[in-house]
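For reference, the chains in residue letters:
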Amino acid sequence: MVASTTAVALAAVVAGLTSASPNAPRTKVGTFSLPQVRNPGFKKHGPAQLAKTYVKYGASLPDGLARTMATFNGRFDKRDSGSARASPEQYDIQYLTPVEIGTPPQTLNLDVDSGSSDLWVFSTEMPASSVKGQAQYDPSKSSTAKRVQDATWNITYGDNSYSEGIVYKDVVNVGGVSFDAQAVEAATAVSQTFTTDANDDGLLGLAFSTINTVQPSQEKTFFDNVASELDAALWTADLKYHKSGCYDFGVIDDSKYTGQITYTDVDSSDGFWMFDVSGYGIGNNTFQSTSFQGIADTGTTLAMLPAQVVKAYYKQVRGAKLDNSQGGYVFPCQANLPSFVYGVGNARYEIPGQYINYAPVDNDGTTCFGGIQSDAGIGFAILGDILLKSAFVVFDASENVPRLGFAKK
Ligand SMILES: O=C(c1ccc(-c2ccco2)nc1O)N(Cc1ccccn1)C1CC1
């Protein structure tokens, strides 16, 4: 998570889930074929398959089988998937997604962040002076909130923003997918960068639970808690340039991308969705097959790439310069920016030059800040929103080795 400067958010509207009415008139369809696709989330389970057969033919379950199924406390009940809107703040600094917490539900707009693993929220447990317009989680108004005694958390992000607090377990619903004992990390203090972002009510971390900061007992991310109930243990990000996108859970919506999804293995040993970028290209110049490690981070606004790559990019931009007072490369706002191509395996994905003109740094819009900046000092590249919004991205934890999928759209 590293948002950058000023932010004015759009009100987030929950993307309603629609489904065809079961009583819709049946039209004669003649013949149709349903290509069989492997369900990536299918888990072989003999008793469940046998139980489904008994239920399908209306037979009652034999006692032993009924007991076996009962031990799975509904784990084999209706499978699940969900969809939640991701609304951009000004300059797409970050995307906010409505999340319902507690009973009755309290809706907070959270920054879905694949670069961190804490679900933390502005709360009534923090001083009023730190709250400037954000919605606050009030556990005293939730009949299902339970304090996790002696649990605390604190997290510092790459832009030196930080937050800390205490922990409750409560019901959390994201786009229709619900978990009834999610660790909700109620802030007791946040840095000024969070206080000044009036529309961001907290973060929903979707990196790996190994870097969750709750102590003394680490907590699981929302995704890790619901993964076993989803039709497939994956979620997808369809972020867009200057308009609302969508996070889906448990399903790959084939209407949201074109062509094939290219998958690449993830090294989650640092807790991030880290993978190998296979190379890069600038505009129509030859693709450079020089690979580097990067993480897919929906919570970081910009694309932080190896210094040599960034230098080569801005060499193609007349008037571009590294301005340390601004904290990175700037250029004349009228500059005609080349596109940037990144490789995943043999696939190539293009970021239009327009996406790389991030925002003006001055009031008269003369000088603009680049959407591609150097990853110097971080230790790996960060493929943030500037880059992710040019693709449909699958965060897939359905197999032993997690993987990322990228597709054009
Ligand atoms: O802000 C974070 C970030 C996220 C989570 C944690 C963390 C510490 C403990 C648990 O999670 N620490 C970070 O620093 N960026 C982005 C970034 C950008 C620029 C410089 C450094 N980083 C992590 C994803 C890479």
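Residues numbered from 1 in each chain as written. Predicted model: local features only at pLDDT ≥ 70, side-chain atom pairs only at ≥ 80, totals over all residues. Heavy atoms only, no water.

Draft legend 1. Examining the packing of aromatic side chains more closely. For the structure on display, the rule yields 24 aromatic pairs. The interplanar angle of 5° and the centroid separation of 4.5 Å between the aromatic rings of Tyr-241 and Tyr-355 together place this pair among those described as stacked. Taken together, the residues Tyr-241 in the loop between strand S9 (234-240) and strand S10 (243-249) and Tyr-355 in the loop between strand S19 (347-351) and strand S20 (357-360) connect sequence positions 114 residues apart. Tyr-355 gets classed as buried once you look at its relative accessible area, which sits at 16%. Ring plane angle 10° and centroid distance 6.1 Å describe the contact between Tyr-280 and Phe-340, whose orientation is recorded as stacked. Within this pair, whereas Tyr-280 is found in strand S13 (residues 279-282), its partner Phe-340 is found in strand S18 (residues 340-344), the two being separated by 60 residues in sequence. Phe-340 matches Tyr-280 in its accessibility class, with the two residues each being buried. Clustering of aromatic rings is evident, with ring pairs tying together Phe-208, Phe-222, Trp-235, Tyr-247, Phe-249, Trp-273 and Phe-395. Above the ring of Tyr-168, the side-chain terminus of Arg-147 is found at 6.0 Å from the ring centroid. In this arrangement the basic side chain of Arg-348 is found over the ring face of Phe-287, its NZ or CZ atom lying 3.7 Å from the centre. (Phe/Tyr/Trp six-rings, centres within 6.5 Å; stacked < 30°, edge-to-face > 60°. Helix = DSSP H or I, 4+ residues; strand = E, 2+ residues; numbered from the N terminus. Buried < 20%, exposed > 50% of the residue type's maximum accessible area, 1.4 Å probe, protein only. Lys NZ or Arg CZ within 6 Å of the ring centre and 35° of its normal.)

Draft legend 2. Region of the structure containing the site of the ligand. The local shell around the ligand holds 17 residues, among which Met-1, Val-2, Gly-115, Gly-158 and Ile-211 are the closest. Gly-158 places a polar main-chain atom, nitrogen or oxygen, 2.7 Å from an oxygen atom of the ligand. If the ligand stood free it would expose 510 Å²; the protein chains cover 80% of that surface. Here the residues of the shell around the ligand are counted per class, giving 10 nonpolar, 6 polar and 1 charged. (Near = heavy atom within 4 Å. Polar contact = N/O pair within 3.5 Å; in protein donor to acceptor, adjacent residues only side chain to side chain. Areas by Shrake-Rupley, 256 points an atom, 1.4 Å probe, with all protein chains shown as cover. Nonpolar A, V, L, I, M, F, W, Y, C, P; charged D, E, K, R; others polar.)

Draft legend 3. Representation of the state of the cysteines. Taken as a whole and assessed by the stated rule, the structure comprises 1 disulfide. Each sulfur of the disulfide joining Cys-333 and Cys-368 lies 2.1 Å from the other. In this structure, the disulfide formed by Cys-333 and Cys-368 twists by about 100° around the S-S bond and is classed as right-handed. Residue Cys-333 is found in the loop between strand S17 (328-332) and S18, and its partner Cys-368 is found in strand S21 (residues 367-370); the two are separated by 35 residues along the sequence. Across the pair, exposure class does not vary: Cys-333 and Cys-368 are buried alike. (Disulfide = S-S within 2.5 Å.)

Draft legend 4. Structural view of the sheet that holds S19. Within the open sheet, the 3 strands sit side by side as S13-S18-S19. Their pairing is antiparallel. Two strands in the sheet have a free side with no partner beyond their single neighbour: S13 and S19. Each adjacent strand pair in this sheet contributes to an overall mean axis angle of 25°, direction not counted. Docked against the sheet, helix H5 (residues 307-314) engages S13 and S18, running at close to 15° with respect to S13. (Pairing = 2+ DSSP bridges. Axes fitted to C-alpha atoms, helices over the stretch in contact; angles between N-to-C directions. Contact = heavy atoms within 4.5 Å.)

Draft legend 5. Spotlight on the nonpolar core. Grouped together as the largest cluster of nonpolar side chains are 85 residues, with contacts concentrated most on Trp-235, Tyr-314, Phe-340, Tyr-342, Leu-404 and Phe-406. Leave out the neighbours within four places in its chain, and Tyr-314 touches Ala-320, Tyr-329, Phe-331, Ile-356, Gly-370, Gly-371, Ile-372 and Gln-373. By size, the runner-up hydrophobic cluster in this structure holds 17 residues, among which are Met-1, Trp-120, Phe-122 and Leu-203. (Core = buried A, V, L, I, M, F, W, Y, C linked by side-chain atoms within 4.5 Å.)

Draft legend 6. Spatial organisation of unusual backbone geometry. Cis geometry is adopted by the peptide bond preceding Pro-104, which originates at Thr-103 and carries an omega value of -10°. Mapped onto the fold, Pro-104 is located in the loop between strand S2 (95-101) and strand S3 (106-113). Backbone geometry places Tyr-91, a non-glycine residue, at a positive phi of 60°. By secondary structure assignment, the location of Tyr-91 is in the loop between strand S1 (82-88) and S2. Here Tyr-91 falls in the partly exposed class, since its relative accessible area comes to 29%. Here His-242, not a glycine, exhibits a phi torsion of approximately 55°, which is positive. Tracing the sequence through the fold places His-242 in the loop between S9 and S10.

Draft legend 7. Geometry of the sheet that holds S17. Strand order in the open sheet made by the 4 strands is S16-S17-S21-S20, with antiparallel pairing throughout. Each end of this open sheet is capped by a strand with a single partner; those strands are strand S16 (321-323) and S20. The mean angle between the axes of side-by-side strands here comes to 45°, regardless of whether they run parallel or antiparallel.

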